[in-house]
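# Descriptive structure summary
Chain by chain, the residues run as shown.
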Amino acid sequence: MAFQLMFQQQNNNAMRRERIFRDRTHPLDVYDDFDLIRRYRMPREAILNVIDMLTDDLEPKTMRSHSVPASLQVLTSLRYYATGSFQQVVGDLVGLSQPTISRIVTKTSRALAAKVADFIKFPLTPREQLAVKQGFSNEFNMPNTVGCVDGTLIAIKRPSEREDAYVCRKMFHALNVQGVCDNKKRLTNLVVKWPGCTHDAYIWNNCELMNYMENHQNMGHLLGDSAYLLRQYLLTPLRNPVTPGERAFNTAHKRARQRIEDTFGRWKSRWMCIHKYGGPLTVQLETAIDVIVSTGILHNICEDLGLPVDLLEAEEQENEDENDDIQDIDGRHLRNRLIAERF
């Protein structure tokens, strides 16, 4: 009997895995600014600012059980955003397990996304609007323009519910993310909630910014492709330009609207977790939304600092459905007047 009890105890001890605490490397103690930008897309001062901003949300209450400090949580999340690597690979670099990485990315992304209103802001004051309008007018000869709007697909893993709704026209699971940018390639509005099968125009027609601009039509207009309906506050290109002025307008419109494509390209190239080359976001849907918003915030921070980005191959241009046959009379008059005066 005693032998059986001893054997059972030895067997239980063999099955029980001892918890192993790995040696952790803190990147801020190892890398200079050049290497930090290569690995985390941000220099030391910018990283420290993000850490300070999130410390109250992330810092563990005690350091018992080898708790991960806020600084390492932020750097771990930045590494995941920047590379799109498997969480196990990210964890091996800093001495953390995959489950810990998953919890850190979820927690950090939620905390950062909650601060979106401080970093992704549409120009609402006359002074802010004037700066954007002057930028588009001087560079593209498109006056009274306060931004460009478009949608972009970001791949996600197969959701557990309504998975068919998330299959986009390119036949992978995705979110269709609506973005608005200014003349400096900064995101000024971001809508991250619609499944990949949702049409760009539907997202626009059901967003708060559309309602706001419809009630403040004197503030200016956005530029959008032919997937959108022509409105006084949203100018689209002519479907069949005939006169030299109409063709010149379409050319200028296309050049200016390229600004949103450039913005998407820089955003995704900097944060590979949302780029097609990085594969789909491997986190749960709710966390994927937070990750996308968080990288949008970080994109604006990097653009404000003028940080370089190695642009990857541009993604295939989204489909532009023609909706110009459904025209808003005020939008048509505005576009015709602009062509007559400028082109």
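Everything here concerns the structure above.
Here is a short report on the structure shown in this document. (Residues numbered from 1 in each chain as written. Predicted model: local features only at pLDDT ≥ 70, side-chain atom pairs only at ≥ 80, totals over all residues. Heavy atoms only, no water.)

## Some points on the pattern of salt bridges
If you walk through the whole model with that rule in mind, you get nine salt bridges. Here Arg259 ties to Glu139 by a salt bridge, and the two come within 2.9 Å at their closest N and O atoms. Of this pair, Arg259 sits in helix 10 (residues 244-270) while Glu139 sits in helix 7 (residues 126-140); the two residues are 120 residues apart in sequence, bridging distant segments of the chain. Since its relative accessible area comes to 10%, Arg259 is described here as buried. Measuring nitrogen to oxygen at the nearest pair gives 2.7 Å for the salt bridge that ties Arg186 to Asp304. Highlighted residues: Arg186 in the loop between strand 2 (174-181) and strand 3 (187-195) and Asp304 in helix 11 (residues 285-305), separated in sequence by 118 residues. Here the salt bridges share partners, and the residues they tie into one network are Asp35, Arg38 and Arg39. (Salt bridge = Lys/Arg side-chain N within 4 Å of Asp/Glu carboxyl O. Helix = DSSP H or I, 4+ residues; strand = E, 2+ residues; numbered from the N terminus. Buried < 20%, exposed > 50% of the residue type's maximum accessible area, 1.4 Å probe, protein only.)

## Section: the nonpolar core
Ranked by size, the top nonpolar core spans 69 residues in total, and within it Met42, Trp267 and Leu281 carry the most contacts. Apart from residues lying up to four places away in sequence, Leu281 is in contact with Tyr80, Ile154, Ala155, Ile156, Lys157, Cys273, Ile274, Ala288, Val291 and Ile292. In this structure, Val146, Val180, Tyr233 and Leu234 belong to the second largest nonpolar core, which totals 18 residues. (Core = buried A, V, L, I, M, F, W, Y, C linked by side-chain atoms within 4.5 Å. Contact = heavy atoms within 4.5 Å.)

## Remarks on the pairing of strand 1 (residues 145-155)
The two faces of the sheet receive side chains in turn, since in a regular strand these alternate between them. With 10 of 11 residues buried, strand 1 is to be regarded as a mostly interior element. Two strands pair when backbone bridges link them, and strand 1 and strand 4 (residues 221-223) are joined in this way by three bridges, in the parallel orientation. Counted as the bridge partner of Gly147 is Leu222 from strand 4. Where strand 1 lies against strand 2, eight bridges are found, and the strand directions are antiparallel. The residue bridging Gly151 from the neighbouring strand is Gln178, located in strand 2. (Pairing = 2+ DSSP bridges.)

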